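# Chain and residue survey
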Amino acid sequence: MTPVLYTFRRCPYAMRARLAIRQAGVPVALREVVLRDKPQSFLEASPSATVPCLVTADGVIDESLDVMIWALGHQDPEGWLDMPDTGWGWIARADGPFKDALDRTKYAIRYPEEDPLENRAQAARFLADLDQQIDEWIFRGPTLADFAILPFVRQFAFIDKDWFDAQDWPRLQAWLMRFLGSDAFAAIMPKFPQWHPGDDPVMFP
C-alpha cells in the first residue's frame, strides 16, 4: 500500500515530517486535516489524534521525529542521519524546553499563570546558544537536526518578527532566511486541499 500521511500545513511537527519525506523522495498519499474538523479515519489511526500521522503497511507512526527517521531510512541522499550524537541533544532541547517556552509566548492566553516575556526570554536563551553553534548549518552540513528544529524557529520568529530580527543572532537569522527561501520550504508549503473520504489521493512529494 502507499503510505498515508495525515498532516496540517502550518503545524511545525507536520512540516518537519514533510521535509524528510520530500528529501527521501518516498511517495505518500497526503491527507490535509483541518484540526477543528478531524476525519474519523484520522482519529482511528492516530493514538494521539495529532498530526503528523503516517499509516504504513507495517503500522502507524504517530511521532514526527519517527516519521523523519522512517523516511530517511528509505533514502538519505544528503546524509541527514549522519550527524554527531550532539544533534539529538539539540533536537531534545528544541522539542522540550524551547517548545514549551514558545507555546507560552505565542499562546499566552492559554497560560494565564505564566509570564509570556519570561518565556520569550527562556526561548531566546536557547536560540542564542544555537546561534553560537551554527556556521551555515548546525554541523558541517545539513543534518536531521537542522530540519527537525527549523520549523519551530520559524514559528517563534513570526510571533514578533520585528523583535526577532532585532536580536543579535546573525547566524541563526541567516540560517532561517535560507530555509524560508529554499526550494524545500516552497515544496512543503503549498495550500493542500482539506481531505474528505472518497477524495482522489494527493500524492506527495
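Residues numbered from 1 in each chain as written. Predicted model: local features only at pLDDT ≥ 70, side-chain atom pairs only at ≥ 80, totals over all residues. Heavy atoms only, no water.

An unreviewed UniProt entry annotates the protein chain as Glutathione S-transferase originating from Sulfitobacter aestuariivivens.

### Side note on the UniProt feature "domain: GST N-terminal" (unreviewed entry) in the protein chain
As recorded in UniProt, the sites labelled "domain: GST N-terminal" (unreviewed entry) are residues 1-79. As annotated, residues 1-79 comprises 38% helix and 20% strand, and the C-alpha atoms at either end are separated by 27 Å. (UniProt positions renumbered as here; feature names shortened; annotations may be inferred. Helix = DSSP H or I, 4+ residues; strand = E, 2+ residues; numbered from the N terminus.)

### Here's the deal with unusual backbone geometry
For the peptide bond that leads from valine 51 to proline 52, omega is -5°, which places it in the cis range. Turning to its location among the elements, proline 52 is positioned in the loop between helix H2 (40-45) and strand S3 (53-56). Across the junction of phenylalanine 204 and proline 205, the peptide omega takes the value 0°, indicating a cis bond. Examined against the element boundaries, proline 205 turns out to sit in the segment after strand S5 (202-204).

### Some details on the nonpolar core
Of all hydrophobic cores here, the largest spans 57 residues; its most connected members are Leu130 and Phe164. Looking at which element gives the most residues to this core, the answer is helix H6 (residues 144-157), with ten residues. Not counting residues within four places of it along the chain, the set of residues in contact with leucine 130 comprises Trp90, Ile138, Ile149, Val153, Leu172 and Trp175. In terms of nonpolar packing, the next biggest core, distinct from the first, is built from 13 residues, Tyr6, Phe8, Ala14 and Cys53 among them. (Core = buried A, V, L, I, M, F, W, Y, C linked by side-chain atoms within 4.5 Å. Buried < 20%, exposed > 50% of the residue type's maximum accessible area, 1.4 Å probe, protein only. Contact = heavy atoms within 4.5 Å.)

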